[in-house]
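A structural walkthrough
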Amino acid sequence: MAKSEEKKSKKSKSTESRVISGYYVLPVIFPGASSSDTDSDSGSEDFSSMDVEHYIYLREHKNPGVEGNELTLFMANVPIDATTLHVRVLVAQLLGSNADDDDSRSDSLPVSVTFLPSPTGPHDDSIPSLSSFTGLQKSDSASRSIRRILPTNSAAQVVFANQTAFSRVLKAIRHIPSTPLLWTLPSSSSTDGATGLSRYTAIHARQHVPATVLQSTLDVFMQRFDAEEAEREQAAKRARSEPDADGFITVSRGAGAGRAGVAMSSDAVREVAREKMRKKELKDFYRYQVRERKKEKMNDLLRNFKRDQERIVELKARRKFKPFAGTMA
Amino acid sequence: MAKRKREEQLAGEAVADKNGSANDHEEDEYESDRFDSDGGASEDGDVEEALVGENGDKPAKKQHGKAKATHLADDLRNLQEAVQLYKSNIFKMEIDELLKELKVDENKTKSVDRVLHKIKDLIDQIPATEEELLLADAEKLIAESGITIPFPDPKPPKEAQYRFSYTTPSDFNLVGCYALKTMIKSPDRFAIDVVVDMPRALFSEKDMLNYRYFHKRAFYLAYIAAAFKESSEEKFGLSYEFLDGDHLRPVLRLDSLKDGNEYDFHGAKCYIRIIPGIARDTFPFAKLSPTRNCVRYASVSTQQQPLRPTPYYNSSILSDMQHFENTVFINRAIKSSDGFRDAVKLGDIWLRQRGFAPSMIGFGATEWALLMASLLIGGGAKGSKILASGFSNYQLFKATLGYISSTDLANAPIVINGGSLGFDSEVFGGRPVLVQNDLNLNVLYRMSSAAYSKLRHEAFLTVKELDDVNGDHFDSVFLEKVDSVIYQSDLTICAKFPTEDKSYRDLGRVFNPSYYGHFCDRVYDVLKTGLGERAELITVRANENQRFDLDTRKPSAAGESIFTVGLVLNPEFSQRLIIHGPSAEDKQASAAFRKFWGRKSELRRFKDGSIIESVVWEPHQERSVVTQIVMFLLERHVGETILKGLYVVGDGLSKLFQQDRDLGETIEANAIATYQRNLDDFDLLRKMLIDIDDLPLKVSSILPASERLRYASVRTPTEFSVSSADDFSNVVIELESSAKWPNDLKALQHSKAAFLLAIGQSLRRIDPMIVTDVGLDGDLDRIENFAYLSVLMPSGFGFRVRLHTEREMALLRNYKPDKDLGLRVVRKLERSAMLAARHTTEFATLCHRYPFLSATVRRVKKWLASHYLSGHIDEITAEMLTLAAFLKPFPWTPPASAYAGFLRTLYFLAQWDWRSEPLILDVDHSMTIADIQSIRDKFRLQRSNDPEFSQTALFIAINYDMSGVMWTQPNPTKVIASRMTALARASCEALKGSSGSGGLVFGGEADEFRKLFVSPLEDFDFVLYLAKIPRTENAYPPPVESLSDPAELYFKELQTVFDGVAVFFRNKLRKDVITGIWDPRVLAERSWKVYLGYSTQPAYKSVNKDATPTVKANVSGMVREMERLGGDMVQRVAVRGV
């Protein structure tokens, strides 16, 4: 891989970061699995154990007029599994501190990270949120937290607590860091439900909550819905009987509206009427009818002829009439 | 005159449609196929009237003037005629184009005319033999030129006393297709036939007997050949060839050398045949009547039996008198009928595409033309005409096919001139008999009954196809080569010819001078008797050399040693295990039956009390009943040795399927039974659901909506093996209508979930052994959340019940916050619920109508899955693709074996030009022409709106979805569809077999076919190898709620996260890998922006600061992201180029 050469050159001396359209390009390493993790028996290096580079594009977030934006770093192309913690660890590395003890200099680390899913990507988020369910117990498997995964090429706004830290970060991104930055989490953090089997087992569990939980969730929703419905009806009733500012009472449809069965669509009604009309009509009774029909037929014929002609031209273009060309068998 | 012609043509269409007689129908009112027309000549006036009306009505047209109007009227009349005379305008236009394509360029044949003159000069200059030669001298004389006399078998006896000589031909004629200008351009090149009449003086009346005529003829031919060789060694490629497969009559073939000499006629795409003939007064006709004997053998005459007739032999001599007359006869027809010449060409191409060459079956363009010319003057009941001279070329063609298919010339011989048959047609032993002249010559004497039944079969299929107005069948009638035995047959068996056949003695030889022809006929007769109604068509073919070198007497046998038995089966009967013979009381028939079946025959008593001879077969793991019968019969009637070297074509493929654990049950009968148990369980569930009475609303309908409930799942359903979502059968239920459903989408969906929970409880109350669980497709907050009820029945099958309400559909259609989303969800619901239910019912019915549809669709799905396409081509689309081979079998019959069905579907996929052709499936012939037209219009509209196929690639319309895109939008995409086509082509290519096998797949072992089911992983940009997910083997019943499918969820999430960046593939059946290819658009370098849609890295060359920096996709970075997401589920990763 070409990137490994680049890596070496970086180590020798501090180089200026590349700038693209005003963004500083920051290489980040996805570390490869240590060889003990992979059960590759051969000596050849496989993809899983390689370090792979990812590129984050950074710049000061410029959005004049909006308050509190002065201390915001805009981060484009964050990895799909990005979490606030990932970003904090990254910033810590950028500032040259130990990733694992982020408490020591917490004031220099971002206070909040807002992820902005790529607008070109799908909005689909199929993981049911915990809040959907009422009565979910801590012990239920469905209650396990599931990490949100971003569509590829998403961005993030990283807000800092003070100007000092922010300036330091802005300064740091101007140079390619001497030690490559790793995209990682503190070893202490739990990754349960983040990726892999545990993630998908958790998602499955979320789609199959215990019947009791589902039942109570539905009950609570329906109770609230019924109550709101009743209230709306009351309000509507009141509105119907109370005169408005000009002293008029608006005439509106009664309460039963909208609850009626699915009526026939107006199209269908018209169709039925037309059908009736057609049955009454006499065919070929008047001379003009015969003429009209003939004319219509002629027009049909001509139209079809035109279409056929076009088709022949098209078929010819596709060399369709070569009986002995391209036969199989 | 013109009017008269028109009437005939109109009547002709009626004939073509009804196969009646032209004479009777002249006054019939004609109804056109495609347009509602009053027909009849009387309408001409109305047409113009209508037009004048039009001109008057539309001011824009007024200025065109009267002249223009009549011109237009003429055009219109032509148009209308075309519609009536051909099936449709397009068909006429297509035929016109085809004929243009087939036309031989006259400029190119000019060189031939020069050559023909030279040939005549050459022959005129050949000196006569100095004396009449005895056999030995004759052979010596010819041998001097280094060639051999092509004596037919049997050779003249050594002691033959008759003498051979040569004198200048008494006549020299150009005959056949070149003389008649009916030849077509084809890769085989056409033949220019030159007949040289051997002078009468060379023969005595006795020469008719015992091959003497043929021996003298052979000498005459060799003498000419020798002269040509001496004088023009460098000018032509010379060889002998049997005249249209008649081994008694070799001819001299002259091919152009492509060296630019004065005799070079290579550009003319033809070759020249020099055919020795005789004048009609050479021998008395009467003595050559088919019932007469002309070959006398000592062995026969010693017995006190009457001499057996020698019809083939006699006809062969008579034919040599007839060359010129035939040409004259056809020419008369050409003169009388404008469409005739083109109809001959249409017939010629039709025959060629079906592999009918005169040498193979004794029926070619010449016979076709003779038949057609005959039908112009007779052929019908009481000598009435079948064809009228005013017919269009298409009418002549179709009516002739109709005649072939409806008239059995073997049992009802025809004499065209109206005279009676001068002989007993029995002598031809089942061959068709058509006599059209005073010679009593059976024009079809070379056609075996096997070949004749094939011709009629093909004619029948084509007529049926042409009668089907709903499709454009032009391609399969004229353009496609359809004679491939592997696609045509449901079962193909190859074996080696035995070196010796005891039945082929002197008399056998007289009846059929070709040993291979004789043997194939015999095999045909045995199989015909043995298979009966199991087989609709039996073909036995051998590749026989027709050409041979001048220094050989006959073609070498090398390369001919294999014969092929192709069977088109009748699926209704082919699987039956018992053959019922005659009743035991019928002694004679019983004896014959026992003789035929040998030890296999046994006397059995049946339930109805009858005692009859019968043969019983056992169901066999590897061999179908028909295969067993064929092998038994060949062994019994040909000899044990035949089984050595015998193989069933594609046997390896069948074996492969047999070993395939993905398919579950592989024996067809058992498979259907397994599905039946699943269906029985469904019925049980249906009853339970109907019986539920403790709910506010009753369940009103329960519809199956699963591939497992329509015989179409790859794996057959198995009891007590429920381990993933695929093992549940989808069921759609509806509740009785109620006004109480909430009018709010979310509330409605919540109520539905609550209902499902309640139904689950009720079911458990009915039978406590039932296990239920309510699951959700997604978050309750989203409108795409759908609840379903999983039910595990005590008998071991699982069902997934979804509740369908019209109210929900209506609310979704008007979903205010996001109209598009609402409509998308409606579509999804329609697909998965009501339409899936409709499809399930229809497909199950079709599986009953076509016994091998189920087996085929399962194998096709297996093929799609093996190529990682199953994630993109959903199950219903796959089923529709399979239906094509059954519902649109033309030019073949619907497949009657899983093997044939599978191959035919691959063939269809390889051939289907989905970019420009919709697939229209009419399951029950209920579509009208207007329907078809509207589907085609929709297709055209769709394509013109989306010329890049970015929304829809495949367009498949079926009776219950005429929109054509319900199941194919947005998947499969163009990329996937192209991939499918490419893979199908590759598979078909692989099936063709290695060269030398004559285009046949060898029987082979399973391993040879494995490659059909392997997509090389190197084709993909990256491969994620998944770890095996440990499955805890639970006791039954398993906890339904925990039956998760993490690999599937992972796959779906990858698709979501990398939407538009990469296309992912997986094998639904295996779940061992997820592979992907990058969208080519992301691989290009481009300038950077914040949301480009995929992860990028700076492109290298732009380090130079002046240039605008560009970026490119960070391929390995993204694969690593996928890997990180998969975590412990991903075992290994391969990235192309890394």
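Keep in mind the model is a prediction, meaning the values are calculated, not measured.

Looking only at helices and strands, one finds seven helices and seven strands in chain A. Starting at the N terminus and ending at the C terminus, chain A contains elements arranged as α-β-β-β-β-α-β-β-α-β-α-α-α-α. The buried share of chain A, reckoned over its 329 residues, is 26%.

Residues and elements named next belong to chain B. Taking 1.5 Å per residue, 13 residues should reach 18 Å; helix α16 (residues 365-377) reaches 19 Å between its end C-alpha atoms and fits that length. With 12 of 13 residues buried, α16 lies mostly within the body of the structure. Considered for burial, the residues of α16 that qualify are Ala365, Thr366, Glu367, Trp368, Ala369, Leu370, Leu371, Met372, Ala373, Ser374, Leu375 and Leu376. Those residues of α16 hidden inside the fold are in contact with α9 (176-180), α13 (323-336), α14 (340-353), α15 (358-361), α17 (393-406) and β7 (434-435). Immediately downstream of α16, the backbone of Gly379 shows phi near 105°, a positive value.

Residues and elements named next belong to chain B. Core analysis: the biggest nonpolar cluster contains 357 residues, and Ala222, Met372 and Leu756 have the highest contact counts within it. A per-element tally of this core places helix α10 (residues 212-232) first, with 12 residues. Those residues in contact with Leu756, other than ones at most four positions away along the chain, are Val774, Ala787, Tyr788, Leu789, Val801 and Leu803.

Residue and element names in this part refer to chain B. Under the domain assignment used here, chain B contains domain 1 (2-102), domain 2 (106-479), domain 3 (490-577 + 617-645), domain 4 (650-836), domain 5 (850-994) and domain 6 (1017-1135). Relative to domain 5, the C-alpha centre of domain 2 lies at a distance of 45 Å. Every contact between the two is made by eight residues of domain 2 and, on the other side, eight residues of domain 5. It is helix α18 (residues 449-467) that contributes the most residues to the side of domain 2 that touches domain 5, three residues altogether. Each residue belonging to the side of domain 2 that touches domain 5 can be placed in one class, and the counts come to two nonpolar, five polar and one charged.

Right, let's get into the interface of chain A and chain B. The figure often quoted for interface size is the accessible area lost as the parts come together. At the interface, 74 residues of chain A touch 92 residues of chain B. Elements with a minimum of two residues in the side of chain A that touches chain B: β2 (23-30), β3 (52-60), β4 (72-78), α4 (196-207), α5 (211-241) and α7 (287-317) of chain A. It is α7(A) that contributes the most residues to the side of chain A that touches chain B, 11 residues altogether. A breakdown of the residues in the side of chain A that touches chain B according to their chemical character gives 36 nonpolar, 23 polar and 15 charged.

Residues and elements named next belong to chain B. The strand order β9-β11-β8-β15 describes an open sheet built from four strands, whose pairing is antiparallel. Of all the strands in the sheet, the pair left with one neighbour each is β9 (535-542) and β15 (647-648). Here β9 pairs with strand β11 (residues 562-569) via seven bridges, running antiparallel. Residue pairing across strands places Leu537 opposite Val568, the latter belonging to β11. Of the strands in this sheet, β8 (491-496), β11 and β15 touch helix α24 (residues 625-637), which is tilted by about 25° from β8.

In the segment running from Asp153(B) into Pro154(B), the intervening peptide bond is cis, with an omega of -5°. Inspection of the secondary structure assignment puts Pro154(B) in the loop between α8 (135-143) and β1 (171-175). Cis peptide bonds are those with omega within 30 degrees of zero, and the linkage from Gln969(B) to Pro970(B) qualifies with 0°. Checked against the element boundaries, Pro970(B) lands in the loop between β22 (956-958) and α34 (974-991). The backbone of Asn77(A) sits at a positive phi, close to 60°, despite the residue not being glycine. Of note, Asn77(A) is situated in strand β4.

A separate point is the environment of Leu185(A). Residues and elements named next belong to chain A. In this fold, Leu185 is placed in the loop between β7 (181-182) and α4. Residue Leu185 is classed as partly exposed on the basis of its C-beta count, with 18 C-beta atoms lying within 10 Å. Along the backbone, Leu185 and Asn304 are 119 residues apart, and their C-alpha atoms lie at a distance of 69 Å.

What counts, and where the lines are drawn
Residues numbered from 1 in each chain as written. Chains lettered and ligands numbered in written order. Predicted model: local features only at pLDDT ≥ 70, side-chain atom pairs only at ≥ 80, totals over all residues. Helix = DSSP H or I, 4+ residues; strand = E, 2+ residues; numbered from the N terminus. Buried ≥ 20, exposed ≤ 12 C-beta atoms within 10 Å, placed from the backbone. Expected span 1.5 Å × (residues − 1). Contact = placed C-beta atoms within 7 Å. Core = buried A, V, L, I, M, F, W, Y, C linked by C-beta atoms within 7 Å. Domains from an automatic or database assignment. Nonpolar A, V, L, I, M, F, W, Y, C, P; charged D, E, K, R; others polar. Pairing = 2+ DSSP bridges. Axes fitted to C-alpha atoms, helices over the stretch in contact; angles between N-to-C directions.

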